[in-house]
Amino acid sequence: MVVTVPTPKIRRRRVMTGAGALALTLVATTAGCSSDSVGADSGKITITVAGMPATTSPTTRQQFLDAVAAFEKANPTIKIKPTDTQWDARTFAARLAGGNAETVLTVPLTEPPGLIARRQIADLSGEIKDLPHAKDFDQRALAPATAADGKVYGLPVTEYALGLVYNRALFAKAGLDPDKPPSTWDEVRAAAKKIAATGATGYTQMTVKNTGGWILTAMTYSYGGRMEKKQGDRYVSALQEGPAESALKQLSAMRWQDDSMGSSQLLTQQDAERDFAAGKIGMMIGTAFSYNRYITQYSGKPADFGMAVIPRQAGAGSTATTLLGGLVAAVSARATPAQRAAAVKWINYFYLKPAYDPAAAEELALANAADKLAVGLPTLPFYNAAVSGPVNAAIDKHANIPAKNFAPYVRDIGELPYQVEPPVAAQELYGALDTAVQAVLTRENADPGEELAKATARSKSALELAQ
């Protein structure tokens, strides 16, 4: 979630990523800024906070600093020290274990279960009770950072459900109805063949930097499966239980039997989004927030962007789910009680207010519209309809997106339950699965079952160590 503050006025851009993929860089943690090392500054409570844009983005960096100044003015007993070191899955655990992390951390939804288990982030249940509209939270928004005992260790920053992003112009060119996108994987396969016949890539799959495992996880969920399951008091791999193999077989058939996935298979998220915006790709799995990059970074045509819910495997029924992704704001377990309280105040001020305050939401919408950013994209609410309804109405007054193009997603997203990312060692799992997806898409004789067995073996030690 994004925020704006009235004095001074700021324009803070929403930063979204494929949180499970970690192909995009997230601002979250830094070395040399331990919660233990920050304390009183002239009698003030001092905390470090993640989220400041890099010096390469001077305007948004200054806007962030303006927000910090406004918060400190409203809370004169609190001193904020912002950081801009970038989040890195390879170094985060070591930095946090060594005490070299901020008081306020922003982490992907893959991280809270492990952080909770290792007691590296603080229980915020007491502070959350005193927040505005605390009783109105949509519990699904709190679920990724909620422990088995019901204690809450983090608050939502952004949350989204993956869906099928498609090119409406290519659909029309292939004789498909852009207003009736595929709802099952069989329909995706049939549509991809028709699009490929026009010379474009019918469907593409991201495969590197953990995106292969991330998207395969989303597919597996839509087939009714899971990547991990509880066995006693521990989690074990569920990769070889059928749905993940069915998803890989689907990709193999589209690649080798139908020739509908193009010739380039080692694609990053940026690669796929760039080619999609250029009109070279008919369909891929993505998020509504990719529309911002589609128009601002890659100059895509707004009228051509379409989105639907993630396809389901026919017959999966109620077990089919959609992958929930995003970011959570948490507080270091090293924080003192006073720092913890100050940290939650900042999280509320910077991330939550536009989700419950229509005036703040509208000011942000106006600022984003002035910056030519998308306004009115479908989001998952943090609060119940009584609170989120007026907020959405305030935003919609300034919507600048082709709403009709998102109608299939908005219409059907309520039909699928949300499933959070794998609860243990998700990034290691995604990395292991990258190789499986790459094998199936680059070697015609690759056996999906054997590749999943290899991925299970590769991720086993990480799964055990994380518990």
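The text that follows walks through the structure, step by step, so that each part is easy to find. Quick caveat, the model's predicted, so the values are computed rather than measured.

How each quantity is defined
Residues numbered from 1 in each chain as written. Predicted model: local features only at pLDDT ≥ 70, side-chain atom pairs only at ≥ 80, totals over all residues. Heavy atoms only, no water. Helix = DSSP H or I, 4+ residues; strand = E, 2+ residues; numbered from the N terminus. Expected span 1.5 Å × (residues − 1). Buried < 20%, exposed > 50% of the residue type's maximum accessible area, 1.4 Å probe, protein only. Contact = heavy atoms within 4.5 Å. Core = buried A, V, L, I, M, F, W, Y, C linked by side-chain atoms within 4.5 Å. Axes fitted to C-alpha atoms, helices over the stretch in contact; angles between N-to-C directions. Parallel < 35°, antiparallel > 145°, perpendicular 65-115°, else oblique. Left-handed = near helix turned anticlockwise from the far one by under 90°. Nonpolar A, V, L, I, M, F, W, Y, C, P; charged D, E, K, R; others polar. Pairing = 2+ DSSP bridges. Salt bridge = Lys/Arg side-chain N within 4 Å of Asp/Glu carboxyl O.

Time to look at helix α8 (residues 211-222). With 12 residues, α8 should cover 16 Å at 1.5 Å per step; its first-to-last C-alpha distance of 17 Å lies within 8% of that length. Most of α8 sits out of view: 12 of its 12 residues are buried. Among all positions in α8, only T211, G212, G213, W214, I215, L216, T217, A218, M219, T220, Y221 and S222 are buried. Positive phi shows up at G224, right after α8, with a value of about 95°.

Looking now at helix α16 (residues 426-442). Its 17 residues give α16 an end-to-end C-alpha distance of 24 Å, which sits within 8% of 24 Å, the value for a rise of 1.5 Å per residue. Extensive coverage of α16 is indicated by the burial of 12 of its 17 residues. Those residues of α16 lying buried are A426, Q427, L429, Y430, A432, L433, D434, A436, V437, A439, V440 and L441. The inward-facing, buried residues of α16 contact α8, β10 (228-231), α9 (243-257) and α17 (448-465).

Nonpolar side chains in soluble globular proteins tend to end up buried together. Within the largest apolar cluster, 75 residues are counted, with the highest numbers of intra-cluster contacts made by Y203 and M283. If one sorts the elements of this core by residue count, α16 sits on top with nine residues. Counting 39 residues, the second-largest nonpolar core is a separate cluster that includes I80, A335, Y356 and F382.

The next thing to look at is the packing of helix α7 (residues 185-196) against α9. The description of two helices packed together rests on the angle between their axes and the distance between the axes. At a minimum axis separation of 11 Å, α7 and α9 run at an interaxial angle of 15°. Between α7 and α9, the angle is such that the two are roughly parallel. Two packed elements cross with a definite hand, and for α7 against α9 that hand is right-handed. Facing W185, V188, R189 and A192 of α7, the residues of α9 in contact are Q250, A253, M254 and Q257. Split into classes, the residues belonging to the contact of α7 with α9 amount to five nonpolar, two polar and one charged.

One open sheet accounts for four strands, arranged β9-β12-β8-β13; its pairing is mixed. Both outer strands of the open sheet, β9 (201-203) and β13 (305-309), are each paired with one neighbouring strand and no more. In this sheet, neighbouring strand axes are inclined to one another by 25° on average, regardless of whether the strands run parallel or antiparallel. Examined bridge by bridge, strand β8 (residues 163-167) and β13 share five bridges and lie antiparallel to one another. In the sheet register, L164 faces β13, and the bridge partner there is A308. Sitting on the sheet, helix α15 (residues 403-412) is in contact with β8 and β13, with an inclination near 10° to β13.

The next thing to look at is the pattern of salt bridges. One pass over the structure, following the stated rule, counts 16 salt bridges. As a salt-bridge pair, E127 and R340 come within 2.9 Å of each other at their nearest N and O atoms. Taken together, the positions of E127 in helix α4 (residues 125-128) and R340 in helix α12 (residues 337-356) put the pair 213 residues apart, joining distant regions of the chain. On the basis of relative accessibility, which here comes to 16%, the residue E127 falls in the buried class. On the basis of relative accessibility, which here comes to 21%, the residue R340 falls in the partly exposed class. Residue D179 is joined to R168 by a salt bridge in which the shortest nitrogen-to-oxygen separation is 3.0 Å. Residue D179 is found in the loop between α6 (168-173) and α7, and its partner R168 is found in helix α6; the two are separated by 11 residues along the sequence. Relative accessible area serves as the criterion here: at 32%, D179 is assigned to the partly exposed category. Relative accessible area serves as the criterion here: at 12%, R168 is assigned to the buried category.

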